[in-house]
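# Fold and contact review
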Amino acid sequence: MLNEYGKWHHPYKPAKEYNKKVAYFSMEFGIHQALNIYSGGLGFLAGSHMRSGFELKQNMIGIGMLWKYGYYDQGRNEDQTLRTDFIEKTFDFLEDTGIEVEVQLHDNPHVKVRAYILKPEIFGTVPMYLLSTDVEGNDHLSRTITNHLYDANEITRISQSIILGIGGAKVVEALGGADIYHLNEGHALPAFYYLKDKGVTKKHFAFTTHTPEKAGNEERDARLLNRCGFFGRYYTEEDLREEMVNDGMINYTVSALRMANKSNAVSKLHAVVSNNMWKDYSGIGKIIPITNAQNQKFWQDEEIKKSWEKKNAKKFKARKTELKQELFDVVLNQTKKIFDPNILTIVWARRFAGYKRADIFLYDLQRFEKLLSNEKYPVQIIWAGKPYPKDFGAIDTFNHLVNFSKQYKNLTVLTGYEIELSRKLKCGSDIWLNTPRITREASGTSGMTAAFNGSVNLSINDGWIPEFEKNGENSFVLPALDHTLPVWEQDQQDCANLFDILENEVLPTYYNNPKKWQEIVFNALTDVIPEFTSNRMAAQYYKELYK
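What you see is a predicted model; the values in this text were computed from it and never measured.

What follows is about the sheet that holds strand 15 (residues 379-384). Taking strand neighbours across the sheet as the criterion, the 6 strands line up as 16-15-14-17-18-19 in an open arrangement whose pairing is parallel. The outermost strands of the open sheet, each flanked by one partner alone, are strand 16 (411-414) and strand 19 (476-477). For strand 18 (residues 456-459) and strand 19, the ladder comprises 2 bridges, and the chain directions are parallel. Considered in strand 19, the bridge of Ser-459 is made with Val-477. Packing of helix 13 (residues 365-372) onto the sheet brings it into contact with strand 15 and strand 16, and relative to strand 15 it is tilted by some 120 degrees. Against the sheet, helix 19 (residues 514-528) makes contact with strand 14 (344-349), strand 17 (431-434), strand 18 and strand 19, and its axis sits at roughly 85 degrees relative to strand 18, the strand it touches most.

For the pair helix 1 (residues 41-55) and helix 20 (residues 534-545), the least separation of the axes is 8 Å and the interaxial angle reads 80 degrees. Relative to helix 20, the element helix 1 is oriented roughly perpendicular. On helix 20, the residues that touch Leu-45, Ser-48, His-49, Ser-52 and Glu-55 of helix 1 are Ser-534, Asn-535, Met-537, Ala-538 and Tyr-541. When its residues are assigned to classes, the contact of helix 1 with helix 20 shows 4 nonpolar, 5 polar and 1 charged.

The next thing to look at is the environment of Lys-21. With respect to the helices and strands, Lys-21 occurs in the segment before strand 1 (22-25). Separated by 33 residues in sequence, Lys-21 and Phe-54 place their C-alpha atoms 13 Å apart. Once residues within four sequence positions are removed from consideration, Lys-21 is found in contact with Trp-8, Asn-59, Gly-176, Gly-177, Ala-178, Asp-179 and Ile-180.

Moving on: the side chain of Glu-28. For Glu-28, the location among the structural elements is in the loop between strand 1 and helix 1. There is no salt bridge for the buried Glu-28, and the closest opposite charge comes from Arg-351, which lies 7.7 Å off by N-O distance. Polar contacts involving the side chain of Glu-28 include one to the main-chain amide nitrogen of Ser-39, which spans 2.7 Å. Reaching out from Glu-28, the side chain makes a polar contact with the backbone nitrogen of Gly-40 at a distance of 3.2 Å. Residue contacts for Glu-28: discarding those within four places in its chain leaves Ile-37, Tyr-38, Ser-39, Gly-40, Leu-42, Gly-43, Ala-46, Leu-149 and Tyr-150.

What follows concerns the environment of Lys-515. In this structure, Lys-515 sits in helix 19. Distance in space between the C-alpha atoms of Lys-515 and Ala-313 is 8.6 Å, their sequence separation being 202 residues.

For the pair helix 12 (residues 313-335) and helix 15 (residues 419-428), interaxial distance at closest approach is 8 Å and the crossing angle is 135 degrees. Classified by the angle between their axes, helix 12 and helix 15 sit oblique to one another. Between helix 12 and helix 15 lies a crossing whose hand is left-handed. Taking contact as the criterion, the partners of Lys-320, Leu-323, Lys-324, Glu-326, Leu-327 and Val-330 in helix 12 are, on helix 15, Leu-421, Lys-424, Leu-425, Lys-426, Cys-427 and Gly-428. Of the residues in the contact of helix 12 with helix 15, the class split is 6 nonpolar, 1 polar and 5 charged.

Ordered by their spatial adjacency, 9 strands build an open sheet running 5-6-7-2-1-8-9-12-13, and the pairing between neighbours is mixed. Where the open sheet ends on each side, the last strands, each with one partner, are strand 5 (95-105) and strand 13 (287-289). Averaged over all pairs of adjacent strands, the angle between their axes in this sheet comes to 25 degrees, without regard to strand direction. Docked against the sheet, helix 8 (residues 252-259) engages strand 9 (205-208), strand 12 (262-265) and strand 13, running at close to 140 degrees with respect to strand 9.

Here the focus is the packing of aromatic side chains. Counted according to the given criterion, the structure contains 39 aromatic pairs. Measuring from centroid to centroid gives 6.2 Å for Tyr-71 and Tyr-388, while their planes differ by 85 degrees, and the two rings are edge-to-face. Here Tyr-388 lies in the loop between strand 15 and helix 14 (392-405) and Tyr-71 lies in the loop between strand 2 (60-65) and strand 3 (73-76), a separation of 317 residues in the sequence. Look at Tyr-71 and you get buried, because its relative accessible area is 3%. According to the relative accessible area criterion, Tyr-388 is partly exposed, its value standing at 30%. On the numbers, 6.1 Å between centres and 90 degrees between planes, the contact of Phe-468 with Phe-532 is edge-to-face. With Phe-468 in helix 17 (residues 465-468) and Phe-532 in the loop between helix 19 and helix 20, this residue pair connects regions lying 64 residues apart in the sequence. On the basis of relative accessible area, Phe-532 is assigned to the buried category, the value being 1%. An aromatic cluster is defined as three or more aromatic residues linked by ring pairs; in this entry it consists of Tyr-71, Tyr-72, Phe-86, Tyr-150 and Tyr-388. The side chain of Arg-350 reaches across the aromatic face of Trp-348, ending 5.6 Å from its centre.

Residue alternation in strand 17 divides its side chains into two sets, Ile-431 and Leu-433 and Trp-432 and Asn-434, and both sets are buried. Across 2 bridges, the pairing between strand 14 and strand 17 is parallel. Within the sheet, the bridge partner assigned to Val-347 lies in strand 17 and is Trp-432. For strand 17 and strand 18, the ladder comprises 4 bridges, and the chain directions are parallel. Bridged to Ile-431 within strand 18 is Val-456. The parallel pair strand 17 and strand 18, bridged by helix 16 (residues 446-452), forms a crossover whose chirality is right-handed.

Relative to strand 6 (residues 108-118), strand 5 runs antiparallel, the two sharing 7 bridges. The residue bridging Leu-105 from the neighbouring strand is Asn-108, located in strand 6. What sits between strand 5 and strand 6 in their antiparallel hairpin is a turn of 2 residues, with His-106 showing a positive phi close to 55 degrees.

Nonpolar side chains in soluble globular proteins tend to be buried together. Among the nonpolar cores identified, the biggest contains 166 residues, and Phe-25, Tyr-181, Phe-361, Phe-368, Trp-383 and Tyr-546 are the most heavily contacted of them. The element that contributes the greatest number of residues to this core is helix 4 (residues 154-175), accounting for 9 residues. Those residues in contact with Phe-25, other than ones at most four positions away along the chain, are Ile-63, Leu-164, Gly-165, Gly-168, Ala-169, Val-172, Tyr-181, His-182, Leu-183, Asn-184, Ala-188 and Ala-191. The next biggest cluster of nonpolar side chains, apart from the first, holds 15 residues, and it includes Val-330, Val-331, Phe-339 and Trp-432.

Here we come to the environment of Leu-507. Secondary-structure assignment places Leu-507 in helix 18 (residues 487-512). Residue Leu-507 is classed as buried on the basis of its relative accessible area of 1%. In this structure, the C-alpha to C-alpha distance between Leu-507 and Ile-163, residues 344 residues apart in sequence, is 51 Å. Once residues within four sequence positions are removed from consideration, Leu-507 is found in contact with Leu-344, Leu-371, Tyr-377, Pro-378, Val-379 and Leu-502.

Thresholds, definitions, all that
Residues numbered from 1 in each chain as written. Predicted model: local features only at pLDDT ≥ 70, side-chain atom pairs only at ≥ 80, totals over all residues. Heavy atoms only, no water. Pairing = 2+ DSSP bridges. Helix = DSSP H or I, 4+ residues; strand = E, 2+ residues; numbered from the N terminus. Contact = heavy atoms within 4.5 Å. Axes fitted to C-alpha atoms, helices over the stretch in contact; angles between N-to-C directions. Parallel < 35°, antiparallel > 145°, perpendicular 65-115°, else oblique. Nonpolar A, V, L, I, M, F, W, Y, C, P; charged D, E, K, R; others polar. Buried < 20%, exposed > 50% of the residue type's maximum accessible area, 1.4 Å probe, protein only. Lys, Arg positive; Asp, Glu negative; His and termini not counted. Salt bridge = Lys/Arg side-chain N within 4 Å of Asp/Glu carboxyl O. Polar contact = N/O pair within 3.5 Å; in protein donor to acceptor, adjacent residues only side chain to side chain. Left-handed = near helix turned anticlockwise from the far one by under 90°. Phe/Tyr/Trp six-rings, centres within 6.5 Å; stacked < 30°, edge-to-face > 60°. Lys NZ or Arg CZ within 6 Å of the ring centre and 35° of its normal. Right-handed = clockwise from strand over helix to strand, strands pointing away. Core = buried A, V, L, I, M, F, W, Y, C linked by side-chain atoms within 4.5 Å.

Nothing here speaks to function; it is all geometry.
Structure, rendered in structure tokens:
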């Protein structure tokens, strides 16, 4: 039996300027700690978008996946190193819509996909439809497709894209159809192929690309995708040849860029990089910038907000000290170390990946030892973040930092990096450290939510930072390097520059000139709001991508 959300429905009358019906497809959504079906940045961004859609009364819905085991739960082995736990999730606040569609996968024409609704009143989002194949009547293999976000098995990953894309498109059809089908990254590409065959024209397709390097954009063998049912029907060799790039491959991003009426990158710099990256492929229009952002109402501490609005430094400091203590309680509980709220606290927290360089301090151990033992300007450093469960290089970096930090009372590595820990880290840090190799970070939104809460960005000048930074006034920015330099040289120079800025600018300002430090903090808050809030972003999508 269908509930009220068995048809396109909102608890409000959509605002006139946001009246177009938009279905927003994303493989992950970071909505709330209790709904842990996300891995990181892409999910946090999509979650903020859904919250702002609700706040602005947009006629939008979210289409996602109901991951039975989420991404993974980050635990510890006996020696404190990383353990990946897969624990079944049950979400009693989700309701069955009664919508069930069938999708062809491989040789099985009848894989059932059921849609569950996250109602707007639960977490303050637009209606969100989460898809599951863990449905009675499906064979065992089909039921496991929606077990793990970003499953390491290639065939399962392809199946997940088909479920999100074609299954999601069929659910939207059952709801009454949409004016715009918006793919957040290329994971749901099968939606475009399926809808195109159903007569939906290009003007109804929108696409957001997030990955600024070719290797990070999914590319798979065209014949394999065809056998899996990726295109919604069987393509002839001639059909496939039209879609192929790079000797028999289908590149999800290239196909989505070709099929979309409008496409966007997620920062101004990323738009330059993306247009350059795909310029040699035919049939791709201009990629416009719509800079990522995060939801202020959800991420910002209320007392921090009030003290900034009144420019009350005393109240800000008192609240910041409380927030630091809350974070340090987690540190104490997890690693039995007592951190001091009066000491400058640096946090590096995001997905562990080689190019993000979590271990940049360790590139010069001599200088790092000097920094850690400086009694005049003491520091505390916290790392947190989840590597992909099969990214063994990133897991090794994580574990190396765990083992290295055991020797020092002012270093620690936290596990369980999800929304609640992320919030504590942003509220309880003084410095938010961002160290990707330049041009590799499309946007990077964690620094925005850190700035919402009075944490100062110390960053490579990449992603969103060039649109925000006033070096020494609202942030501290490393000198830009030539990104074509050998990686080893880039690492060496960035590491040296990072220590220079910390030793000569950040630490002396924090300890010797607290008034100037407070000015930088308040400047950052003023410059990040409202420009880097998701209400601006959600409005911009309607004005620029959906028109």
